[in-house]
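One-letter residues, chain by chain:
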Amino acid sequence: MSNARRLRDRKARLARSILIPCATFLLPLASAQTPHATRVIFELPRSAITSAAVYASDGTLLRTLWRGDPLPTGRHVRSWDQRDDLGRAVSAGDVEVRLVHHRLRYEWEGVIGNSSAAFTGAQVHKSFLTPVGIAIDGNEAIYAAGYNEGQPGLHGFRLEAPGLDTLPLPSTDPFVSYGMIAVDVNRVYWANIGGVSKTSFVGAVDRDQRTAAPFAKGVPVCLNHWPNSRACYPDQDYKGVIDLQTDPQNLPAGLAVQRAGRVLAVARPREQRIALFDKHSGERIGEISVRLAASFSNQMAMTPGGDLWVVSGTSLLRFTDLDAIPRVVGRIDGLVKPLTVATVPDREDELWVAEGGAHHQVKRLDAKGQVLATIGLAGGYASDPEVRADKLCFGIDAKSEQTAIAQAADGTVWVVEPCSNRMRRFRAAPDGRWVSDAQVAYLPASYTATVDLGNPRRVFANFLEFALSDAAPLKPGDGSWRLVRNWLGGMPASLRDDRSENRAFGGFTTVRTFSNGRTFALMQAQSRQVLVELPSSGPLKLVRAFAAPLPGATARVLYENGDLGYAVTGGSSQHVMRLPLAGFDDTGAPQWARDPVKLASVPTRKGTPFYRGAFSGMPPRFPLTASGRVIYFDGSIAANEGFHLGAAAQGSDGWLWQASPSAALDGKGSFQTKAIDGSLNYGGNAVWAHGRHIVYGFHGEFYKDLQNGRVGQANQFMHFDESGLFLGQFGLPSTRATEPAQAGLSGNAFSPTLVRDGDRLFLYHNDESAHGGVHRWRIEGWNELGDLRGRGPVTGDIVLR
């Protein structure tokens, strides 16, 4: 076999990410007849993956015989030792054996919301936070991504190919946060604005050598020592930095360098001053006292001739003679909340300024403040969430507004739009308008993602809404999807809190378009669970705030059929409750029955898979399968060493089956716990059902891969049949990744959604930043499962047909 063929085969196996089994929880099962064993005889019409179990006459699962075994075509004989899953003898009566066989495939298609020209590899644009600074030199842009959890903090792209990250400089230290950047002929200067160390300073990198360029007059700093030692970790050892500050509140808010001159300027709002340094040696050569805003970044820019423009209140100030006695030689007043300033590479007396507040625009001004050009529609997204080429969004309040601007030599302008998680290129059209003709878009660490349960072509990440063109496989770039709405911009003040951002935990946990054509969503705001409407035009509307859950009750979940549901734990039982959809009120909002209906109850005994309140990133779900199985899932890692997935028949008060036993991750649906793996912090997340299919997630942060000893994130999805039989497992753990942004790799993917689009079944999920988008898996063969069944006495042969 050729090396190219081997490489293709290896990549295909990794894309499917079906793990090799390494352990089993079940009692030993003989593969041939043994004394006092029941023979199970069956014939497979084709080679397939198989699982089988023994059930009592009332349908209760007694013993899982095997899980996920590949078997060839033809006749097979297996035996059962007449014991149940707990090792107890099953001595009398008839039993039924059920076997499911299939050829399921789990195809990772890529991500939505990332405009990179590739889905995999080192050149995928991605970072833990949104970009915070950008600079352009020649045909390359360099941007800073802030704190990036051990990934590179400095990124870039060639202006003619923005879809590929050039990773221009080494920058993987998680103890720093790569903030504003400035460039001259030889160096890239960067401001550390925190990171794990909470220390700030300015460093430099030699562009040609791609190595740190210590300032001769700078100071050394060690951000992390070896345990029980004064020796410094090499990655956190900085030999010569300037403007070192240990106060985590005293962060830089501006960085600018003279391209031909010797001055490097650093703005410190807490001190209300700009420090001036020799950019070669790092020697302090002066300072400027000036009013600076504490919450904005990129507040300074150098003109081609070496003058310094500074944002100061609602004004822009121009300073000259920086390496002598700085003095003001220009002033522009009357601006509306100026956030950021940038200069024009070939014009000494022109500049760009971004205005937030009521504007959300970027304006080109002359030295007297005359507006020469405007990018962006006044108001941005304040009154309408529809995404348009002429809208910008810098944030929704004074705390969150940020941006950065850079102009290339060809006249195009790049604008960082953190509110929409993208950087956009604007070009002057012949009619004087500025049009957006390219973007670098990706999602930062996003923990809230979902799909409209009534329209599976609407995908949501936080408060961003994407539209899919069809159900065809995704393609790299933004051809398969469009960003169509940003629901954050016009959010009512009553709903705003620290989750009001398009990253982390902000956003909609469930979205559904109802039969009346109206779309509603559940979200968390001001520590309350609220129902909002996503109207066809205009900003989102608060419909109602729900009362806090009663003691023992979970938060509410909106289900596929429009019902609201929750669970209540009390005494020795856990009850799954539903509030059926009853219709719509005069405004078109959904109404639910006042009195809940109990779907099922189960005893909360040790080792059973009732919900124990483990962190999962979203409210717990108790879905209902096609044949009326109410599904329970326990994602806890420390409270249960038994089973983690179970079902009760609708209307019943006992377990019908229990599956997913506590054991090392083995590729066959086992659930790794802290008793097995002491490094594990989090386990499972959410469970979904469609028809007979059940899928739950095991994000497994800080789990130990017991095959190779590495610690990382498990990123597994377990697929079961509604009979309790295991079907498959997919997802690539970080402990087995061999390249950045590898197919199937994700981090903290604890907001999955299982949804059908036509004849295709998809699993969507969030991502902490391994790929910078909403992932989509296609479950191939989901509607082609085969079943064999047979009944007989415990002591006789059972033939499956």
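Scroll up a little and you will see the structure.
So, how was this worked out
Residues numbered from 1 in each chain as written. Predicted model: local features only at pLDDT ≥ 70, side-chain atom pairs only at ≥ 80, totals over all residues. Heavy atoms only, no water. Helix = DSSP H or I, 4+ residues; strand = E, 2+ residues; numbered from the N terminus. Rg over C-alpha atoms; globule rule 2.2 N^0.38 Å. Buried < 20%, exposed > 50% of the residue type's maximum accessible area, 1.4 Å probe, protein only. Areas by Shrake-Rupley, 256 points an atom, 1.4 Å probe, with all protein chains shown as cover. Lys, Arg positive; Asp, Glu negative; His and termini not counted. Charge placed at Lys NZ, Arg CZ, Asp CG, Glu CD. Disulfide = S-S within 2.5 Å. 1 Å grid on protein atoms, 1.4 Å probe; cavity = no way out; pocket = protein on both sides within 12 Å on 5 of 7 lines; lining within 4 Å. Points joined across faces, edges and corners; volume = space filled by probe spheres on them. Nonpolar A, V, L, I, M, F, W, Y, C, P; charged D, E, K, R; others polar. Pairing = 2+ DSSP bridges. Axes fitted to C-alpha atoms, helices over the stretch in contact; angles between N-to-C directions. Polar contact = N/O pair within 3.5 Å; in protein donor to acceptor, adjacent residues only side chain to side chain. Phe/Tyr/Trp six-rings, centres within 6.5 Å; stacked < 30°, edge-to-face > 60°. Lys NZ or Arg CZ within 6 Å of the ring centre and 35° of its normal. Salt bridge = Lys/Arg side-chain N within 4 Å of Asp/Glu carboxyl O.

1. Let's talk about the overall build of the chain
And step 1. Tallying secondary structure elements over the chain gives one helix and 59 strands in all.
And step 2. Relative to its length of 801 residues, the chain is compact, with a C-alpha radius of gyration of 30 Å against a globular reference of 28 Å.
And step 3. If one aligns the C-alpha atoms of the chain with their principal axes, the spans along those axes are about 100 × 65 × 50 Å.
And step 4. With 801 residues in all, the chain has 60% of them scored as buried.
And step 5. Summed over all atoms, the accessible surface of the chain reaches about 30,500 Å², with 49% contributed by carbon and sulfur.
And step 6. When the 86 basic and 78 acidic side-chain charges of the chain are each reduced to a single mean position, those positions are 4 Å apart.

2. Quick look at the state of the cysteines
And step 1. Under the definition given, this model contains two disulfides.
And step 2. Residue C222 pairs covalently with C232 via a disulfide, S to S 2.2 Å. The disulfide joining C222 to C232 has a torsion of about 100 degrees about its S-S bond and is therefore right-handed. Highlighted residues: C222 in strand β14 (residues 219–222) and C232 in the loop between β14 and β15 (237–245), separated in sequence by 10 residues.
And step 3. Disulfide pairing places C393 opposite C419 at an S-S distance of 2.1 Å.

3. Details of the layout of surface pockets
And step 1. As a volume, the largest pocket reaches approximately 1,400 Å³.
And step 2. If you trace the largest pocket, you find 42 residues lining it, with L129, V132, K399, S400 and Q402 closest to the centre.
And step 3. Classifying every residue of the lining of the largest pocket gives 19 nonpolar, 15 polar and eight charged.
And step 4. Taken as a whole, the second largest pocket encloses approximately 710 Å³ of empty space.
And step 5. For the lining of the second largest pocket, the secondary structure elements donating two or more residues are β7 (133–137), β10 (178–183), β16 (254–257), β20 (300–302), β24 (338–344) and β28 (405–407).
And step 6. In terms of residue count, the dominant contributor to the lining of the second largest pocket is β24 (five residues).
And step 7. Among the residues forming the lining of the second largest pocket, the class breakdown is 23 nonpolar, six polar and two charged.

4. Observations regarding the pairing of strand β4 (residues 74–80)
And step 1. Here β4 lies mainly inside the structure; five of its seven residues are buried.
And step 2. As judged from the seven bridges shared by strand β1 (residues 38–44) and β4, these two strands associate in the antiparallel manner. Following the sheet pairing, V40 is matched in β4 by R78.

5. Quick word on the sheet that holds strand β27 (residues 371–375)
And step 1. The four strands are arranged β24-β25-β26-β27 in an open sheet whose pairing can be described as antiparallel. The sheet is open, and its two borders are formed by β24 and β27, each paired with just one other strand. Between one strand axis and the next, the sheet turns by 20 degrees as a mean value, whatever way the strands run.
And step 2. Sheet topology note: the β24/strand β25 (residues 347–355) ladder contains six bridges and is antiparallel. Bridge assignment links T343 to a residue of β25, and that residue is L351.

6. With respect to the pairing of strand β49 (residues 684–690)
And step 1. Among the seven residues that make up β49, six are buried, leaving the element largely enclosed by the rest of the structure.
And step 2. Across five bridges, the pairing between β49 and strand β50 (residues 693–698) is antiparallel. For V687, the partnering residue across the bridge sits in β50 and is Y696.
And step 3. If you look at the hairpin formed by β49 and β50, you'll find two residues sitting between the two strands, and G691 has a positive phi there, around 60 degrees.

7. Focus: the side chain of Q716
And step 1. In this fold, Q716 is placed in strand β53 (residues 716–721).
And step 2. Judged by relative accessible area, Q716 falls into the buried class, the value being 0%.
And step 3. Among the polar contacts listed, one links the side chain of Q716 to the side chain of Q729, at a separation of 2.8 Å.
And step 4. Among the polar contacts made by the side chain of Q716, one reaches the main-chain carbonyl oxygen of G731 at a distance of 2.8 Å.

8. A look at the packing of aromatic side chains
And step 1. Scanning the model with the defined rule gives 36 aromatic pairs in all.
And step 2. Here the aromatic cluster, defined as three or more aromatic residues joined through ring pairs, consists of F633, F671, Y696, F698, F720 and F726.
And step 3. In this structure, R612 packs its charged tip against the face of F610, placed 3.9 Å from the ring centre.
And step 4. Against the face of W688 rests R621, its NZ or CZ located 3.4 Å from the ring centre.

9. Regarding the sheet that holds strand β22 (residues 315–320)
And step 1. Spatial ordering of the open sheet is given by β20-β21-β22-β23, a layout of four strands whose pairing is antiparallel. The sheet is open, and its two borders are formed by β20 and β23 (327–332), each paired with just one other strand. The sheet shows a mean angle of 25 degrees between the axes of neighbouring strands, direction not considered.
And step 2. Pairing between β20 and strand β21 (residues 308–312): three bridges, direction antiparallel. Residue M300 lies in a different strand from β21, and its bridge partner there is V310.

10. What to know about the pattern of salt bridges
And step 1. One pass over the full model with this rule turns up 53 salt bridges.
And step 2. Here R485 and E465 are joined by a salt bridge, their closest N and O atoms 3.1 Å apart. Taken together, the residues R485 in strand β35 (residues 481–486) and E465 in strand β34 (residues 464–468) connect sequence positions 20 residues apart.
And step 3. A residue is classified by how much of its surface remains accessible, and R485, at 21% relative accessible area, is partly exposed.
And step 4. For R621, the salt bridge is made with E560, and the minimal N-O distance between the two is 3.6 Å. With R621 in the loop between β45 (597–603) and β46 (629–633) and E560 in the loop between β40 (557–558) and β41 (564–570), this pair connects stretches of sequence that are 61 residues apart.
And step 5. Exposure remark for E560: the relative accessible area of 28% places this residue in the partly exposed category.
And step 6. Connected via shared salt-bridge partners are R105, E107, E109, R776, R778 and E780.

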